[in-house]
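The residues making up each chain are set out below.
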Amino acid sequence: MTTPAPATCTSDTTIKKTGGPASCNNDECASNPCGAGQTCKDPNQSPSSTGDYTCTCSNGVVATGGAATCTNDECTSSPCGTGQTCKDANTAANSLKDYTCTCTSDTTVKKTGGPASCNNDECASNPCGAGQTCKDPNQSPSSTGDYTCTCSNGVVATGGSATCTKDECTSSPCGSGQTCKDANTAANSLHDFTCTCDSDTTITKTDGPATCAKDECASSPCGNGQTCKDPNQSPSSTGDYTCTCSNGVVATGGAATCTNDECTSSPCGSGQTCKDANTAANSLHDFTCTCDSDTTITKTDGPATCSKNECDKNPCATGQTCNDPTPIPSKTGDYTCTCSNGVVATGGSATCTKDECTSNPCGSGQTCKDANTAANSLNDYTCTCDNDNSIAKKGAPATCTLDECAANPCGAQQTCNDPNLSAAVTGDYVCTC
């Protein structure tokens, strides 16, 4: 008897069976290996592929080949230690190192993923240095810079090393010519230094320079012809001596300038003469400026106004020429304004044009024309008759023809005759039967 060939899976030719069908599919999820609340998925259901199924939690945590661990409270292992409170805001198994440790002594001090630093003794680093005592009254990490450093003599500083000693003479408070001594150099002992005059050791002062005699006039700083006086002969008072001229001029801290001709700097400018009647250095602002063009015009303590051209302010209308024949302050209103057509006005803008026809001088029935509208060209307009433009008159209305018969005043069956057709002659027409 012949043995039949084994059956072979087409999806996996390594799987065969003789005498019956081979088992070609094996869904590992069929036995519910993940448990409740998890989703199972077998990507390869070949019997030769095992342990590759996945279990997925509702929060997304995934495990392969077995049930997933969906939650993990990191605080369970007490990672914060004593004196701190642990809180894990997200207990998903794939959410790690997000727990928070909070100090029970100061809930503002926190740290994520590890224990918080609940104590901070600032004195541990010895910030005060040798010979000083350090004390940190509040060792909370949020409280810094409040430690104190205390010197053996009682001087205290907060937040840094104290200055235990201070020699007040270091800043030379006594000045030159005096010796300074600070008997107590403790930093909290101030204003107790003593200044002693080198020229006289019997002269002393506490907390300030002593008054030692020094006459600045001894070196004759003023020179010949001036009197020197030093009102304060203390060495700390310098430059306050005075020099006085014979005319009373006084200067402080140096020789005085006894005379001063203010005209030297030419304050009047060109075209004027300057004169300073009193050249004493303390007699100022009394010089006089006189106009060379008009000696009646003067001014004290400044240049005089010697010229005044009224045309500078453009008093004439646009297109007119301005001329000031006498540009001096005492002569005003004599400037002229001249139009391009020759019209001239004095003391104001000229009226350059005037159309005489504007007033209708010809009357009705005539046309007026002003050939020259210059304001100084008058009575040159022309009146021309509308019914006979050959009749015209210059400077007055024209005498135009008027035939009174044109209106048929005689009526039917009569003949009308107007012997004088002048518009100025009316009522002379004749009616003939």
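What you see is a predicted model, and the numbers here were worked out from it, not measured in a lab.

Criteria and cut-off values
- Residues numbered from 1 in each chain as written.
- Predicted model: local features only at pLDDT ≥ 70, side-chain atom pairs only at ≥ 80, totals over all residues.
- Heavy atoms only, no water.
- Pairing = 2+ DSSP bridges.
- Helix = DSSP H or I, 4+ residues; strand = E, 2+ residues; numbered from the N terminus.
- Axes fitted to C-alpha atoms, helices over the stretch in contact; angles between N-to-C directions.
- Buried < 20%, exposed > 50% of the residue type's maximum accessible area, 1.4 Å probe, protein only.
- Polar contact = N/O pair within 3.5 Å; in protein donor to acceptor, adjacent residues only side chain to side chain.
- Lys, Arg positive; Asp, Glu negative; His and termini not counted.
- Salt bridge = Lys/Arg side-chain N within 4 Å of Asp/Glu carboxyl O.
- Disulfide = S-S within 2.5 Å.

### Notes on the sheet that holds strand 25 (residues 381–385)
Next up, step 1: Spatial strand order, 24-25-26: 3 strands in an open sheet with antiparallel pairing. With one partner strand each, in any of the chains shown, strand 24 (366–370) and strand 26 (392–394) form the two edges of the open sheet. Averaged over all neighbouring strand pairs, the angle between strand axes comes to 20°, with direction disregarded.
Next up, step 2: Bridging between strand 25 and strand 26 involves 3 bridges; their strand directions are antiparallel. Across the sheet, Cys383 pairs through a bridge with Lys393, a residue of strand 26.

### Brief notes about unusual backbone geometry
Both trends apply: most residues other than glycine have a negative phi, and most peptide bonds are in trans.
Next up, step 1: Positive phi values are uncommon outside glycine, yet His191 reaches one of about 65°.
Next up, step 2: When you line up the elements, His191 lands in the loop between strand 12 (178–182) and strand 13 (193–197).
Next up, step 3: At Gln413, a residue that is not glycine, the phi angle is positive and equals roughly 70°.
Next up, step 4: Structurally, Gln413 is set in the loop between strand 26 and strand 27 (415–417).

### Focus on the side chain of Ser189
Next up, step 1: Relative to the helices and strands, Ser189 resides in the loop between strand 12 and strand 13.
Next up, step 2: Given the relative accessible area of 15%, Ser189 is considered buried.
Next up, step 3: One polar contact links Ser189 to Asp192, side chain to side chain, over a distance of 2.7 Å.

### Re the side chain of Asp324
Next up, step 1: Counting through the fold element by element, Asp324 comes out in the loop between strand 21 (321–323) and strand 22 (336–338).
Next up, step 2: Despite its burial, Asp324 pairs with no opposite charge; the closest candidate is Lys308, at 8.6 Å N-O.
Next up, step 3: Here the side chain of Asp324 touches Glu310 through a polar contact of 2.8 Å, landing on its backbone nitrogen.

### Concerning the state of the cysteines
Next up, step 1: Taken as a whole and judged by the stated rule, the model has 26 disulfides.
Next up, step 2: Each sulfur in the disulfide pair Cys222 and Cys243 lies 1.8 Å from the other. On the sign convention where negative is left-handed, the bridge of Cys222 and Cys243, at about -80° about the S-S bond, is left-handed. Of this pair, Cys222 sits in the loop between strand 14 (204–206) and strand 15 (227–229) while Cys243 sits in strand 16 (residues 242–244), placing them 21 residues apart in sequence.
Next up, step 3: Looking at Cys222, the relative accessible area reads 7%, which means it is buried.
Next up, step 4: Residue class for Cys243 comes out buried when judged on its relative accessible area of 0%.
Next up, step 5: The disulfide bridge from Cys316 ends at Cys337, spanning 1.8 Å between sulfur atoms. The S-S bond linking Cys316 to Cys337 shows a torsion near -80°; that makes this disulfide left-handed.

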